[in-house]
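Next come the chains, spelled out residue by residue.
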Amino acid sequence: MNASACIRTLVVDDEPLAREGLCLLLARDPEVRVVGEAGNGPEAVRLIREQRPDLVLLDVQMPELNGFEVLAHLAPAEVPAVIFVTAYDRYALRAFDIHALDYLLKPFGDERFHDAVGRAKAQIRLTRMSDLSQRLMSVLSTYGERDGVPAPPPPPAPEPWVRRLAIRDTGRVVFLDVDEIEYIEAADYYVQIHAGGKAYLHRESMQSLEARLDPGCFMRIHRSAIVNSRRIRELRSEGRRELIVVLTGGAELRVARSHREKFQHLR
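Predicted model, so just to flag it, every value in this text is computed and none were measured.

Reading the values: the criteria
Residues numbered from 1 in each chain as written. Predicted model: local features only at pLDDT ≥ 70, side-chain atom pairs only at ≥ 80, totals over all residues. Heavy atoms only, no water. Helix = DSSP H or I, 4+ residues; strand = E, 2+ residues; numbered from the N terminus. Buried < 20%, exposed > 50% of the residue type's maximum accessible area, 1.4 Å probe, protein only. Contact = heavy atoms within 4.5 Å. Pairing = 2+ DSSP bridges. Axes fitted to C-alpha atoms, helices over the stretch in contact; angles between N-to-C directions. Polar contact = N/O pair within 3.5 Å; in protein donor to acceptor, adjacent residues only side chain to side chain.

Counting through the fold element by element, E185 comes out in strand β8 (residues 181–187). Looking at E185, the relative accessible area reads 26%, which means it is partly exposed. Expressed as a C-alpha distance, the spacing of E185 and A199, which sit 14 residues apart in the sequence, is 9.9 Å. Once residues within four sequence positions are removed from consideration, E185 is found in contact with V191, Q192, H194, M206 and S224.

Listed below in structure tokens is the structure:
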């Protein structure tokens, strides 16, 4: 892969074994290149400024500066995409308040990790495309001003998230607003989309569709299930270990342990 297309990633954790494990997981992804490791907050700040990574896997509890303080030491233009990786669930709400892409609670499975990185890669590509468009418009504007030709108006800002899906359904195409979706289930190479009391089979992988949906509205609760958070009617605990999401349409879905931290601030 072209080096410029790689997702340049920095791993920050005060435990050497944790950093090694994250680097091993990242090494499986040919689109990711680890550009550095940091074992404390000040070192993380220095490396972010020197390396300008696209993505940082950032621990919360570290010597000298914690993960939030690391970001506070950076100028807005210096802050990369962030996935928090921590053993503490109590910081989840704060992490999403500062627009972290994900919050991985240790211990987590390989699939959960690669889901988080996959979403980060999709977001970074969208940002790159937007930046490239702005630079091209700037160049065109400069040429227009020099030649006495009025500069073209800037294009409308692209919608970063899909708003409508085209679903093939027995000889017809159904156009479905994503706001109508209650939940999505994996079905081999397809996904099954539940909306308005109906189920639609859509040929797209779970990871691909998740990357196109607004993470402010849609959340993964299981390796095979995504829910529309605006359609959640109730959270129900069953015993000490089970958490159930009840949706407005009546569907009840189990939340996997690795995803429960997303709901800590709501309970």
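Next up on the list: the sheet that holds strand β9 (residues 190–195). Strands belonging to one sheet form pairs held by backbone hydrogen bonds; the direction of such a pair is parallel or antiparallel. If you trace the five strands from one edge of the open sheet to the other, you get β10-β9-β8-β12-β11, paired in antiparallel fashion. The outermost strands of the open sheet, each flanked by one partner alone, are β10 (198–202) and β11 (218–222). Geometrically, the sheet is characterised by an average inter-axis angle of 25° between neighbouring strands, direction not taken into account. Relative to strand β12 (residues 225–228), β8 runs antiparallel, the two sharing three bridges.

On to the sheet that holds strand β3 (residues 55–58), then. The strand order across the open sheet formed by five strands is β2-β1-β3-β4-β5, and the pairing between neighbours is parallel. This sheet does not close on itself; its edge strands, each paired only once, are β2 (32–38) and β5 (102–105). Mean inter-strand twist for the sheet, computed between neighbouring axes without regard to direction, equals 20°. Pairing of strand β1 (residues 7–12) with β3, which is carried by four bridges, proceeds in the parallel orientation. Counted as the bridge partner of V11 is L57 from β3. Where helix α1 (residues 16–26) meets the sheet, it contacts β1, β2, β3 and β4 (81–86), and its direction lies at approximately 170° from that of β2. In this fold helix α2 (residues 41–51) packs onto β1, β2 and β3, with an angle of close to 140° to the strand it touches most, β2.

Taken as a whole, α2 has its buried residues at G41, A44, V45, L47 and I48. For α2, the capping residue at the N-terminal end is N40, with a side-chain oxygen 2.9 Å from the backbone nitrogen of E43. Directly after α2, the chain includes R52, whose backbone phi takes a positive value near 50°.

A few words now on the pairing of strand β14 (residues 242–247). For β14, a buried count of five out of six residues is recorded, marking the element as mostly surrounded by other parts of the structure. Pairing of strand β13 (residues 232–238) with β14 involves six bridges; the strand directions are antiparallel. Paired with I232 across the strands is L247, a residue of β14. What sits between the antiparallel neighbours β13 and β14 is a turn of three residues, in which G239 has the positive phi angle 75°. Inspection of the sheet shows β14 paired to strand β15 (residues 252–254) by three bridges, in the antiparallel sense. Within β15, the residue paired with I244 across the bridge is R254. The turn linking β14 back onto β15 is made up of four residues, and G250 within it adopts a positive phi angle of 100°.

So far we have only geometry, and geometry alone does not tell us how the molecule works.
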